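Working through the structure, step by step
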Amino acid sequence: MDDGRLEVYKGYRAQHNTALGPAKGGIRFHQNVNMDEVKTLSFWMTFKCAILNLPYGGGKGGVIVEPRNLSRRELESLSRGYIQKIAPIIGEYVDILAPDVNTDSRIMGWMMDEYSKSFGRLASGVITGKPKTIGGSAGRGSATGRGVMFTVREAFKKLGLNANQTTAAVQGFGNVGSFTAKLLYDIGVTIVAVSDVHGAIYKADGFNPYAVEEYIKDKGSVMGFPGTSSMSNAELLELPVTVLAPCALESQITGDNADRIKARIIAEGANGPTTPAADEVLANRGVMIIPDVLANAGGVTVSYFEWVQNLYRYYWTEKEVHARQEEMMVEAFEKVYETSKKYQSTLRVAAYIVALERLTEAMKLRGWY
Ligand code: GLU
């Protein structure tokens, strides 16, 4: 630590099924990280990658820490220390890391550097979500929110909705939530509520999320944005909107509040925001849930593009990245949607069917039985 004290932090890395390719997934810095959570998140990565047809298995890591309590230098030594410990089990063709809750491109840069030092040469493909100058991909920053927008836009088509006549509430205004709000706004959706850890802001006839972003730069929170009233994160979830996009942490929509959810579509920007009990209640009520493994798969899709660019040292334009992401996500949405019609199932069950078909085929072909 800056004052010379030694602090010990506990961290994890989980690798799930790797039948389709090397493990892939983010690292989160959060005080509630634990082994079960990291394992579950790595399992979701396996399914997410299979649904998007990416040549990856599932991985996830985390460190138990409240990063806001660390200085810049302490954060850097923690990031490097974590990589020193897991370096033997990761690699460009083994397990590829990325950002997740409370980790960003700056941290990915330190981690890539630390791994490259231990490896003895530049290994930019060991981690995605890096700053552009050191191998990051154009379009990675907005990729997860952009993917949420693509899947919501496709859902509107299926339900015969016109974006200009819809409203959305977005929980969380970090990387995923802020881009989700801005990109939904760009296609004509009225954004009526957004939130952060301090609470939510609401305005029935909508506001401009780009202006909220500017406001945060100055004030540090969405709270108090001119013209809005404040409410709790729990109240935001129950607003009468077309789209509810939970883009923060898991287990937000539960058996306790599922009955009170009024949205027509839930787009899971976060991983695991809806519990199984809530899933059942919402399915019975006909709410369309675009599951996390599809809705938030834009991040890992552009991570895949970044890795490909790193391996062949040739970089694409932002326009190319957006176009390829759109193509892959629309295709995945269609596949999941058709599967849900075929099996008369929810989109979540259909997404798992799509993934399991690919995974079992790969495992059989590789002789993993
Ligand atoms: N952490 C993100 C996720 O949960 C991105 C993972 C990646 O890009 O590898 O999908």
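Note: the structure precedes this text.
All of the points below concern the structure found in this document. Given the structure is predicted, the values throughout are model-derived calculations rather than measurements. (Residues numbered from 1 in each chain as written. Predicted model: local features only at pLDDT ≥ 70, side-chain atom pairs only at ≥ 80, totals over all residues. Heavy atoms only, no water.)

1. Digging into helix α1 (residues 35-51)
Three or four residues apart is the spacing at which side chains of an α-helix point the same way, because the helix has 3.6 residues per turn. With 17 residues, α1 extends 25 Å from end C-alpha to end C-alpha; this agrees with the ideal 24 Å at 1.5 Å per step. In terms of residue burial, α1 counts as a mostly covered element, since 12 of its 17 residues are buried. Within the span of α1, buried status applies to Glu37, Val38, Leu41, Ser42, Trp44, Met45, Thr46, Phe47, Lys48, Cys49, Ala50 and Ile51. Residue Asn34 occupies the N-cap position of α1, its side-chain oxygen lying 3.1 Å from the main-chain nitrogen of Asp36. (Helix = DSSP H or I, 4+ residues; strand = E, 2+ residues; numbered from the N terminus. Expected span 1.5 Å × (residues − 1). Buried < 20%, exposed > 50% of the residue type's maximum accessible area, 1.4 Å probe, protein only. Polar contact = N/O pair within 3.5 Å; in protein donor to acceptor, adjacent residues only side chain to side chain.)

2. So, the site of the ligand
In the region of the ligand, 14 residues are neighbours, and Lys24, Lys48, Pro99, Asp100 and Ser303 sit closest. The side chain of Lys24 places a nitrogen or oxygen atom 2.8 Å from an oxygen atom of the ligand. Asp100 is positioned with one of its side-chain polar atoms (N or O) 2.7 Å from a nitrogen atom of the ligand. Bound to the protein, the ligand loses 94% of the 290 Å² it would expose on its own. (Near = heavy atom within 4 Å. Areas by Shrake-Rupley, 256 points an atom, 1.4 Å probe, with all protein chains shown as cover.)

3. With respect to the packing of helix α4 (residues 143-159) against helix α5 (residues 175-186)
At a minimum axis separation of 7 Å, α4 and α5 run at an interaxial angle of 45°. Between α4 and α5, the angle is such that the two are oblique. Between α4 and α5 lies a crossing whose hand is right-handed. Residues Thr144, Gly145, Arg146, Val148, Met149 and Val152 of α4 form the contact with α5, whose own contacting residues are Asn175, Val176, Phe179, Thr180, Leu183 and Leu184. Across the contact of α4 with α5, the residue classes break down as 7 nonpolar, 4 polar and 1 charged. (Axes fitted to C-alpha atoms, helices over the stretch in contact; angles between N-to-C directions. Parallel < 35°, antiparallel > 145°, perpendicular 65-115°, else oblique. Left-handed = near helix turned anticlockwise from the far one by under 90°. Contact = heavy atoms within 4.5 Å. Nonpolar A, V, L, I, M, F, W, Y, C, P; charged D, E, K, R; others polar.)

4. So, the environment of Ala267
Relative to the helices and strands, Ala267 is located in strand β10 (residues 265-267). A residue is classified by how much of its surface remains accessible, and Ala267, at 0% relative accessible area, is buried. Taking the C-alpha atoms as reference points, Ala267 and Val300, 33 residues apart in sequence, are found 17 Å from one another.

5. Description of helix α11 (residues 318-342)
For α11, which comprises 25 residues, the first-to-last C-alpha distance of 36 Å matches the rise-based estimate of 36 Å (1.5 Å per residue) to within 8%. Restricting attention to buried positions, one finds in α11 the residues Val321, His322, Gln325, Met329, Ala332, Phe333, Val336, Tyr337, Thr339 and Ser340. Buried residues along α11 sit in contact with α1, α4, β11 (288-290), α9 (292-295), α10 (298-312) and α12 (347-366). Looking one or two residues past α11, Gln344 carries a phi angle of roughly 50°, positive in sign.

6. Brief notes about the nonpolar core
Residues Ile51, Val152, Ile191, Val194, Val212, Ile290 and Val336 are the most contacted members of the largest nonpolar core, which totals 59 residues. Within the second largest apolar cluster, 22 residues are counted, among which are Ile86, Ile90, Trp110 and Met112. (Core = buried A, V, L, I, M, F, W, Y, C linked by side-chain atoms within 4.5 Å.)

7. Let's talk about the sheet that holds strand β1 (residues 11-15)
The strand order across the open sheet formed by 4 strands is β1-β3-β2-β4, and the pairing between neighbours is mixed. The strands lining the two open edges of the sheet, one partner per strand, are β1 and β4 (95-99). Recorded for the sheet is a direction-independent mean angle of 20° between the axes of neighbouring strands. Relative to strand β3 (residues 57-64), strand β2 (residues 23-30) runs parallel, the two being bridged by 6 bridges. Of the residues in β3, the one forming a bridge with Ile27 is Gly61. Where α1 meets the sheet, it contacts β1, β2 and β3, and its direction lies at approximately 150° from that of β3. Across the sheet, helix α3 (residues 105-119) touches β2 and β4, and the angle it forms with β2 is around 120°. (Pairing = 2+ DSSP bridges.)

8. Regarding the packing of aromatic side chains
Inspection of the entire model under this criterion finds 15 aromatic pairs. Both rings, one in Tyr93 and one in Trp307, keep their centres 6.5 Å apart while their planes meet at 65°; by these two values the pair is edge-to-face. Remark: Trp307 occurs in helix α10 and Tyr93 occurs in the loop between α2 (72-86) and β4; sequence separation between them is 214 residues. Classification of Trp307 by relative accessible area gives buried; the value is 9%. Each ring, one from Tyr215 and one from Phe225, has its centre 5.5 Å from the other, and the planes form 85°; the classification is edge-to-face. Of this pair, Tyr215 sits in helix α6 (residues 209-219) while Phe225 sits in the loop between α6 and β8 (229-231), placing them 10 residues apart in sequence. (Phe/Tyr/Trp six-rings, centres within 6.5 Å; stacked < 30°, edge-to-face > 60°.)

Any functional reading would require information beyond the geometric quantities listed.
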